[in-house]
Amino acid sequence: MSTYIIKRLLAAIPVLLGVSIVAFALVRLVPGDPVTILLGPGYNEQQAAVLRERYALDRPLPMQYVAWVSRAVRGDLGESFFTGQPVLRAMIERLPVTLELTAIGILFAIFVGVPLGIASAIRPGRFVDHAARMVGLLGISVPGFWLGTILILFVSLRLGWLPSGRFVPLWEDPIENLRRMLLPGLALGTAVAAVVMRTARSAVLEVVRQDYVRTARAKGLGERAVLVRHALRNALVPVVTVIGLQAGYLLGGSVVIEQVFALPGLGRLALQAITSRDYALLQGTVLFVAVAFVMVNLLVDLLYAKLDPRISYGGK
């Protein structure tokens with residue numbers, strides 16, 4: 001297992017290098033000069049030259065990239081052009097909000113999508129199946145920003161059931177924090193719940209038609225025992241795969257939801273970096289999301305062996 005993990009981590013190096021090159025290049029394709037934005041109406045050539053030298057913007061792009069990657073390997077992602085704060089520290093301060101939002105979205109997807117998919121699969125063609133499929137189609141079709149706006153207008157402002165806006169840290173007031181994070185988590189996790197539901201339904205439908213499931217039924221086991229002991233464990237493998245992939249997407253997809261609900265998370269930080277052309281901050285954020293995506297996928301692969309004993313990674 002340890003050999004497999006090391007191989008996966010080594011294989012991730014070229015992927016992360018590719019992401020760093022794309023992030024570095026795309027950031028600089030965005031129109032606008034960060035020094036001009038930083039100086040504003042007080043722009044003059046002398047101050048601009050000082051700032052360009054300070055942030056190494058006067059060097060050729062390949063030299064800028066090599067310098068940035070060299071520092072990033074050592075854990076130094078540079079300083080924000082506008083706040084002067086180290087990028088890594090700025091991301092660490094915003095990370096708990098994004099992680100909490102992502103966790104709520106994933107938990108919502110699991111606790112809604114998996115049971116709904118199973119219920120739909122074990123009663124194909126019935127009302128539950130049709131209703132679940134319709135809910136899944138709606139969940140995938142509705143954009144997260146639109147759903148978030150509707151939740152704010154209807155659930156928060158009209159009915160007054162849950163508050164929105166003004167983030168309260170978890171360590172200050174856990175209950176108030178949860179009340180304020182439920183709507184963003186719901187808006188973020190709805191599409192994922194729909195994908196999980198459809199995947200769970202397909203996986204269970206395929207597994208219950210396998211020979212070993214028919215054999216279990218022929219031995220006289222009840223339908224519930226067949227489902228729980230023999231079908232669900234194998235059906236969960238593709239579901240876990242989808243959840244892992246979606247977890248990575250949620251980290252990046254939180255940009256819009258955090259903006260809609262005014263949450264001070266990593267996504268909103270990235271959006272601010274884009275609007276202000278803060279190269280160092282944006283590059284660091286993109287690289288962090290890529291690393292998180294790789295690590296989540298590695299954890300999902302390791303979970304396979306736990307869920308399905310037939311899967312082995314060639315070591316103990």
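Anyway, here's the lowdown on the structure attached to this text. Since we're looking at a predicted model, the values are computed, not measured.

## Let's talk about the overall build of the protein chain
Here comes step 1: Helix and strand content of the protein chain: twelve helices and zero strands.
Here comes step 2: Counting from the amino terminus, the protein chain carries its helices and strands in the arrangement α-α-α-α-α-α-α-α-α-α-α-α.
Here comes step 3: Dimensions of the protein chain, computed from the C-alpha atoms along their principal axes, are close to 85 × 55 × 35 Å.
Here comes step 4: Going through the 316 residues of the protein chain one by one, you find that 43% of them count as buried.
Here comes step 5: Taking the contacts inside the protein chain whose residues are at least 6 apart along the sequence as the reference set, 71% of them involve residues at least 24 apart.
Here comes step 6: Accessible surface for the protein chain amounts to roughly 17300 Å². Of this, 67% is attributable to carbon and sulfur atoms.
Here comes step 7: Looking at the protein chain, you have 31 positive and 19 negative side-chain charges, and the mean spots of the two groups are 11 Å apart.

## A look at unusual backbone geometry
Leave glycine aside and you will find that most residues have negative phi; peptide bonds, for their part, are mostly trans.
Here comes step 1: Non-glycine residue A56 carries a positive phi angle of around 60 degrees.
Here comes step 2: By the element assignment, A56 lies in the loop between helix 3 (45-54) and helix 4 (61-73).
Here comes step 3: The phi dihedral of A262 falls on the positive side, at around 55 degrees, and the residue is not glycine.
Here comes step 4: Among the structural elements, A262 can be located in the loop between helix 10 (223-260) and helix 11 (266-275).

## Observations concerning the side chain of T98
Here comes step 1: Within the secondary structure, T98 sits in helix 5 (residues 87-122).
Here comes step 2: A distance of 2.6 Å separates a polar side-chain atom of T98 from the backbone nitrogen of L266.
Here comes step 3: Other than its neighbours up to four places away in sequence, T98 contacts L251, S254, E258, G265, L266 and G267.

## Notes on the layout of surface pockets
Here comes step 1: Counted as a void, the largest pocket has a volume near 400 Å³.
Here comes step 2: Along the walls of the largest pocket sit 18 residues, with L16, A72, V73, L287 and V291 positioned nearest its centre.
Here comes step 3: Mapped by element, the contributors of at least two residues to the lining of the largest pocket are helix 1 (2-29), helix 4, helix 5 and helix 12 (279-307).
Here comes step 4: Its residues assigned to classes, the lining of the largest pocket comprises 16 nonpolar, two polar and no charged.

## Here we look at the environment of T36
Here comes step 1: Turning to its location among the elements, T36 is positioned in helix 2 (residues 34-39).
Here comes step 2: Given a relative accessible area of 37%, T36 falls into the partly exposed group.

## Looking at helix 8 (residues 174-207)
Here comes step 1: Over its 34 residues, helix 8 runs only 41 Å from end to end, short of the ideal 50 Å by more than 12%, given 1.5 Å per residue.
Here comes step 2: At G189, helix 8 is deflected by roughly 40 degrees, the largest bend along its length.

The rules behind the values
- Residues numbered from 1 in each chain as written.
- Predicted model: local features only at pLDDT ≥ 70, side-chain atom pairs only at ≥ 80, totals over all residues.
- Heavy atoms only, no water.
- Helix = DSSP H or I, 4+ residues; strand = E, 2+ residues; numbered from the N terminus.
- Buried < 20%, exposed > 50% of the residue type's maximum accessible area, 1.4 Å probe, protein only.
- Contact = heavy atoms within 4.5 Å.
- Areas by Shrake-Rupley, 256 points an atom, 1.4 Å probe, with all protein chains shown as cover.
- Lys, Arg positive; Asp, Glu negative; His and termini not counted.
- Charge placed at Lys NZ, Arg CZ, Asp CG, Glu CD.
- Polar contact = N/O pair within 3.5 Å; in protein donor to acceptor, adjacent residues only side chain to side chain.
- 1 Å grid on protein atoms, 1.4 Å probe; cavity = no way out; pocket = protein on both sides within 12 Å on 5 of 7 lines; lining within 4 Å.
- Points joined across faces, edges and corners; volume = space filled by probe spheres on them.
- Nonpolar A, V, L, I, M, F, W, Y, C, P; charged D, E, K, R; others polar.
- Expected span 1.5 Å × (residues − 1).
- Bend = angle between axes of the 7 residues up to and from the residue.

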